[in-house]
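Observations on the model geometry
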Amino acid sequence: MAVRAYLSSMTYRLSALDQTPIAEGSTAADALANTLDLARTCDALGYDRYWLAEHHASPGLAGAAPEALIGPVALATRRIRVGSGGIMLPHYSPFKVAETFALLSALAPNRIDLGVGRAPGSDQRTAFALQRDRSKRMPHGDFPNNLAEMIAYLDDAMPADHPFAALGQTLPSGGGETAVWLLGSSSDSAVWAAEAGLPYCIADFINSDAVPLARLYRERFKPSARLAKPYLMVATWAIAAPTRAEAVRLALPAAMMMAHLIRGELIPVPSVEKAERWAAANPASPQRRRITLGTPAEVHTELDKVAADYGADEMMLVNIMPDHAARRRSYELVAAEYGLAALAKAA
């Protein structure tokens, strides 16, 4: 298909979310090497952006500090946007987050996304351990204020009478605009994104019944200096393989991890063979989230449906597999199905 014809038929962009999975028997160092390799692959394949997730105290996910990963990933790639999916803002000072991402933008000008969320990215004990002040548990109701403060630093738009008003001018310069996103899976996040005039990423892989959030976001959206009209991305599970049967097998390790997580048990990413034995012994284990899987054509068809349900401008694909080669191949198959490389070259 000609590039021009394909451009006219593609209704949403494609991006990747990496949770830096640690396969059983491997190390976090192995997982980080895989992240760099997958980022380079997605860059070459034509994906729009590559985001790194934040998870703490996890034996199965190595991404405890996306702000530490974004720099190496940005330097290892050429054109793809790199960002956080996301920074869990309640753990941090708004000024520190703004300062860090201004520095990252100076390292890779106009390629850095700052996605922020409210969830702890951990259990409650770990969230408490992340606090500097442990005399009391930190409130979550101040998230909108912290979000506004962080953006005010980045835009150097703090009210003149604010005691921190001058700090916006001290941020590392020369990186262009740091794109701020709000991430979430609840009505609160939809409203906050709309009222702040920010692009919004719905975590469909957490809440697969979140279509009403898309409507709420659009209905409540207020144009801002950063965004004139709503822009919605949907992050969803997706696995492509040469056959549907293989894709189903490749999805079993993440299903096993989720079943253990529901019981409060954190495990590394099991092998496909181990997950098959677990699935055979637990046939009634519920699937609590949407997962798009199959051949590239089947994944394309299903992603079209999900994107249409949400009215998504962009789809962000996430998966967890123990076999890095199979995981990379999944993104390669989807990219080839969509013709992403030709689109990136044309752009």
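Residues numbered from 1 in each chain as written. Predicted model: local features only at pLDDT ≥ 70, side-chain atom pairs only at ≥ 80, totals over all residues. Heavy atoms only, no water.

Some points on the overall build of the protein
- For the protein, the helix and strand inventory stands at 13 helices and nine strands.
- Within the protein, buried positions represent 50% of all 347 residues.
- Long-range pairs, those at least 24 residues apart, make up 75% of the contacts in the protein with a sequence separation of at least 6.
- Summed over all atoms, the accessible surface of the protein reaches about 15,500 Å², with 55% contributed by carbon and sulfur. (Helix = DSSP H or I, 4+ residues; strand = E, 2+ residues; numbered from the N terminus. Buried < 20%, exposed > 50% of the residue type's maximum accessible area, 1.4 Å probe, protein only. Contact = heavy atoms within 4.5 Å. Areas by Shrake-Rupley, 256 points an atom, 1.4 Å probe, with all protein chains shown as cover.)

Let's talk about the packing of aromatic side chains
- Across all of its chains, the model carries nine aromatic pairs by this definition.
- When the ring of F95 is compared with that of Y153, the centres are 5.1 Å apart and the planes differ by 70 degrees; the resulting orientation is edge-to-face. Of this pair, F95 sits in helix α4 (residues 94-107) while Y153 sits in helix α6 (residues 143-155), and the two are 58 residues apart along the sequence.
- The exposure class assigned to Y153 is buried, which follows from its relative accessible area of 1%. (Phe/Tyr/Trp six-rings, centres within 6.5 Å; stacked < 30°, edge-to-face > 60°.)

Overview of the pairing of strand β2 (residues 49-52)
- Side chains R49 and W51 of β2 all project onto a buried face; the interleaved residues Y50 and L52 project onto the opposite face, where all are buried too.
- Note: β2 against strand β3 (residues 81-88), four bridges, orientation parallel. Across the sheet, L52 pairs through a bridge with S84, a residue of β3. (Pairing = 2+ DSSP bridges.)

Regarding the pattern of salt bridges
- If you walk through the whole model with that rule in mind, you get 19 salt bridges.
- We note a salt bridge from R328 to D37, for which the minimum N-O separation is 2.7 Å. Residue R328 is located in helix α12 (residues 324-338), and its partner D37 is located in helix α2 (residues 28-45); the two are separated by 291 residues in the primary sequence.
- In this structure, the salt-bridge partner of R81 is D113, at a minimum N-O distance of 2.8 Å. Of this pair, R81 sits in strand β3 while D113 sits in strand β4 (residues 112-117); the two residues are 32 residues apart in sequence, bridging distant segments of the chain.
- Residue D113 is classed as buried on the basis of its relative accessible area of 0%.
- Among the ionic contacts, a cluster of salt bridges with common partners joins R49, R81, D113 and E314. (Salt bridge = Lys/Arg side-chain N within 4 Å of Asp/Glu carboxyl O.)

With respect to the pairing of strand β5 (residues 179-184)
- Of all six residues in β5, six are buried, a share of seventy percent or more.
- Side-chain alternation along β5 places A179, W181 and L183 on one buried face and V180, L182 and G184 on a second face that is also buried.
- Here β5 pairs with strand β6 (residues 200-203) via three bridges, running parallel. Its bridge partner being in β6, L183 is matched across the sheet by C201.
- Considered for its hand, the β-α-β crossover made up of β5, helix α7 (residues 187-196) and β6 is right-handed. (Right-handed = clockwise from strand over helix to strand, strands pointing away.)

What to know about the nonpolar core
- Membership of the largest hydrophobic core comes to 74 residues, with the highest contact counts inside it found for Y47, M150, Y310 and M315.
- No other element matches α6, which puts seven residues into this core.
- Sequence-distant contacts of M315, defined by excluding residues within four places in its chain, comprise Y12, R13, L14, S15, M233, V234, T236, L303, V306 and A307.
- The next biggest cluster of nonpolar side chains, apart from the first, holds 25 residues, and it includes A203, W237, M257 and A275. (Core = buried A, V, L, I, M, F, W, Y, C linked by side-chain atoms within 4.5 Å.)

Side note on the side chain of H324
- Relative to the assigned elements, H324 resides in helix α12.
- Among residues more than four places away in sequence, those in contact with H324 are N34, D37 and L38.

Observations regarding the packing of helix α11 (residues 296-310) against α12
- Packing of α11 against α12 brings their axes to within 9 Å, and their N-to-C directions diverge by 75 degrees. Judged on the interaxial angle alone, α12 and α11 are roughly perpendicular. Judged by residue contacts, P296, A297, V299, H300, L303 and D304 of α11 engage L333, V334, E337 and Y338 from α12.
- Of the residues that constitute the contact of α11 with α12, the class distribution is seven nonpolar, one polar and two charged. (Axes fitted to C-alpha atoms, helices over the stretch in contact; angles between N-to-C directions. Parallel < 35°, antiparallel > 145°, perpendicular 65-115°, else oblique. Nonpolar A, V, L, I, M, F, W, Y, C, P; charged D, E, K, R; others polar.)

Regarding α6
- Under the 1.5 Å per step criterion, the end-to-end length of α6 is 18 Å for 13 residues, consistent within 8% with the ideal 18 Å.
- Taken together, the buried positions of α6 are occupied by F143, N146, L147, M150, I151, A152, Y153 and L154.
- Looking at the buried side of α6, the elements it contacts are α4, β4, β5 and α7.
- One or two steps after α6, the chain reaches D156, where phi turns positive at roughly 50 degrees. (Expected span 1.5 Å × (residues − 1).)

Quick word on the environment of M150
- With respect to the element layout, M150 can be found in helix α6.
- Judged by relative accessible area, M150 falls into the buried class, the value being 0%.
- Along the primary structure M150 and F95 are separated by 55 residues, whereas in three dimensions their C-alpha atoms are 5.9 Å apart.
- If we skip the residues at most four places from it in the chain, M150 touches L89, P94, V97, A98, L114, V116 and V180.

Re the confidence of the model for the protein
- When pLDDT is averaged across the protein, the result is 91; 89% of the residues are at 70 or more.
- Confidence over residues 1-9 falls short of pLDDT 50; this stretch has eleven contacts with residues more than four positions distant or in other chains. (pLDDT = per-residue confidence, 0-100.)

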